Amino acid sequence: MSANKDAIGLPLAQLETPALCLDLDAYRRNVKRMAGYITAKHGLAWRPHMKGQKAPPLAKEAVAAGAIGVTCATLYEAEAMVAAGVGNVLIANQVAGERKLRRLARLAGKAPIIAATDSEDHARAMNAAAEAEGVKVHVLIEVDVGMNRCGIAPGEPTVALAKTITTLPGLHLSGLMGWEGHVLAYEGDAKQEQISGSIGRLTETAGMCRARGIPIEIVSASGSGTFRMSAPLSGLTEVQAGGGVFSDLSYEKWGLDHEFALTILTRVVSRPSATRIIVDGGFKTMSVQHGQPKPLGVGPIKSLVLSAEHGNIEVAEADDRHRVGDTVTFIPGYTDSTVCLHDEMCVLSDGVLVDVWAIPGRTGRR
Ligand SMILES: Cc1ncc(COP(=O)(O)O)c(C=O)c1O
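Residues numbered from 1 in each chain as written. Predicted model: local features only at pLDDT ≥ 70, side-chain atom pairs only at ≥ 80, totals over all residues. Heavy atoms only, no water.

A. Region of interest: the overall build of the protein chain. Helix and strand counts for the protein chain stand at 10 helices and 17 strands. In terms of overall dimensions, the protein chain is globule-like: its C-alpha atoms have a radius of gyration of 22 Å, near the 21 Å expected for 366 residues. Based on the C-alpha atoms only, the size of the protein chain along its principal axes is roughly 70 × 45 × 35 Å. Counting the 366 residues in the protein chain, one finds 54% classified as buried. Within the protein chain, residue pairs in contact and separated by at least 24 positions form 68% of the contacts whose partners lie at least 6 positions apart. Placing the 37 positive and 39 negative side-chain charges of the protein chain at their respective mean positions leaves the two points 3 Å apart. (Helix = DSSP H or I, 4+ residues; strand = E, 2+ residues; numbered from the N terminus. Rg over C-alpha atoms; globule rule 2.2 N^0.38 Å. Buried < 20%, exposed > 50% of the residue type's maximum accessible area, 1.4 Å probe, protein only. Contact = heavy atoms within 4.5 Å. Lys, Arg positive; Asp, Glu negative; His and termini not counted. Charge placed at Lys NZ, Arg CZ, Asp CG, Glu CD.)

Now the structure itself:
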């Protein structure tokens, strides 16, 4: 049941709280900057990661702004995108398990889907599902560019896997991908050096494959905290940066200067003292992954404690501005881990609610 669909046309302050709010105008300005930098300035394709955005209308907005398609983290996210009419989806993750691989093959029969793999065992399992379904699944080999998460080692191990994949009739090797997420916290020259090293491992491996006669059409990498430094490097064909369309305190810390387009609207429910403001949003509303959210419009804060459904703000000086029923807006610490706490996103333009978007694929089925 939607909390705010019946509030379309009303100003922000009249929304039911807590509410996840998208400033459509700021979001569109962020999208324009990202698309412009990646596509117009550096001539790369943009395939924004939707793992933190989730709502299919956001994918459609990105495609309208020049994205070639989207990147997803889960099969369910990809299914939601295809159901909403967004084609050309990269699942930048290893889909595993017989039944899930069957789902993947079925989806690949409906829309252009590319899935990641990083081992012969996994590639063979995916091939079996594709053959059983009578489809060809397009794949990118995930290369470990230094993050030590998934991914096969760059160089010869990748070339060997690429060769094997070209012999599997249910698969089509489209290229390579990597994610240099381990360098996010670096700054300045050290960050550039780390990014160049990581992307270099990926692009050199693509070159090795091509030199052995294995066509590599796609070389995909990078996120919102790295794309400004990776896009100018040669050898990438596309960029996966996604969450920067919202921005948040984490992306800001990682060097992104975008507008904060996504916020959380809460309401004051109690004023137990002149220095304590209690709002109706706690850790079930706002994530603390990568850092706390930040309330706007309150004075210097002594502490912010989030319990399940309460935000407990202790301000340094007595505050008589915030009364019970007033609203307090927070900038998320990290939008990716905040969006998935909500059923819907309230879309505002000029401070007025213009739409409410469902957020599918946030829990349960992956
Ligand atoms: C595979 C992959 N690509 C790219 C990214 C970057 O995504 P974003 O730009 O939304 O931070 C991530 C982030 O976790 C990722 O896992």
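B. Expanded view of the side chain of glutamate 238. Mapped onto the secondary structure, glutamate 238 falls in strand β9 (residues 238-239). There is a polar contact of 2.9 Å between the side chain of glutamate 238 and the side chain of serine 220. Those residues in contact with glutamate 238 that lie beyond four places of it in its chain are Ala45, Arg47, Ile68, Leu90, Ile218, Val219, Ser220 and Ala221. (Polar contact = N/O pair within 3.5 Å; in protein donor to acceptor, adjacent residues only side chain to side chain.)

C. Region of interest: a positive patch on the surface. On the surface, Arg99, Arg106, Lys110 and Arg365 cluster together into a patch of positive charge. Within the element layout of this structure, arginine 106 appears in helix α4 (residues 98-108). A relative accessible area of 41% places arginine 106 in the partly exposed class. (Patch = residues over 30% accessible without salt bridge, like charges linked within 9 Å, V, L, I, M, F, W, Y side chains within 5 Å. Areas by Shrake-Rupley, 256 points an atom, 1.4 Å probe, with all protein chains shown as cover. Salt bridge = Lys/Arg side-chain N within 4 Å of Asp/Glu carboxyl O.)

D. Region of interest: the pattern of salt bridges. With the rule as written, the count across this model stands at 13 salt bridges. Across the salt bridge formed by arginine 47 and glutamate 238, the nearest N and O atoms sit 2.7 Å from each other. Here glutamate 238 lies in strand β9 and arginine 47 lies in the loop between β2 (45-46) and α2 (56-64), a separation of 191 residues in the sequence. We note that arginine 47, like glutamate 238, is buried. The shortest N-O distance in the salt bridge between arginine 276 and glutamate 314 comes to 3.6 Å.

E. Expanded view of helix α5 (residues 120-133). Between its first and last C-alpha, α5 extends 20 Å over 14 residues, near the 20 Å set by a 1.5 Å rise per residue. Every buried residue of α5 is listed here: His122, Ala123, Met126, Asn127, Ala129 and Ala130. In an axial view of α5, the angular spread of the buried residues amounts to 165°, which keeps them on one side of the axis. Of the exposed residues in α5, those oriented more than 90 degrees away from the buried face are Asp121 and Ala132. Those residues of α5 hidden inside the fold are in contact with α4, β5 (113-117), β6 (137-142), α6 (156-166) and β7 (171-177). (Expected span 1.5 Å × (residues − 1). Arc of directions from axis to C-beta.)

F. Summary view of the environment of leucine 15. Topologically, leucine 15 is positioned in the segment before β1 (19-23). Of the residues examined, leucine 15 reaches a relative accessible area of 1% and is grouped as buried. Sequence separation between leucine 15 and arginine 267 is 252 residues; the distance between their C-alpha atoms is 9.7 Å. For leucine 15, the contacting residues outside a window of four places in its chain are Asn4, Ala7, Cys21, Leu265, Arg267, Cys346, Leu348 and Leu353.

G. Looking closely at the packing of α4 against α5. At a closest axis distance of 9 Å, the pairing of α4 and α5 adopts a crossing angle of 55°. Between α4 and α5, the angle is such that the two are oblique. For α4 against α5, the interelement crossing comes out right-handed. Residue-level contacts link Leu101, Arg102, Leu104, Ala105 and Arg106 of α4 to Ala125, Met126, Ala129, Ala130 and Glu133 of α5. Here the residues of the contact of α4 with α5 sort into 7 nonpolar, no polar and 3 charged. (Axes fitted to C-alpha atoms, helices over the stretch in contact; angles between N-to-C directions. Parallel < 35°, antiparallel > 145°, perpendicular 65-115°, else oblique. Left-handed = near helix turned anticlockwise from the far one by under 90°. Nonpolar A, V, L, I, M, F, W, Y, C, P; charged D, E, K, R; others polar.)

H. Broad picture of the packing of aromatic side chains. With the rule as written, the count across this model stands at 4 aromatic pairs. Through successive ring pairs, a cluster of aromatic residues spans Tyr251, Trp254 and Tyr334. A cation over an aromatic ring shows up here: arginine 228 above the ring of tyrosine 37, its NZ or CZ 4.3 Å from the ring centre. (Phe/Tyr/Trp six-rings, centres within 6.5 Å; stacked < 30°, edge-to-face > 60°. Lys NZ or Arg CZ within 6 Å of the ring centre and 35° of its normal.)

I. Local environment of the state of the cysteines. The tally for this structure, following the rule as stated, stands at 0 disulfides. Unpaired in this structure, cysteine 72 has its nearest cysteine sulfur neighbour in cysteine 340, at a distance of 15 Å. Just so you know, cysteine 150 is unpaired, no disulfide at all, and the nearest cysteine sulfur is the one on cysteine 72, 16 Å from it. (Disulfide = S-S within 2.5 Å.)

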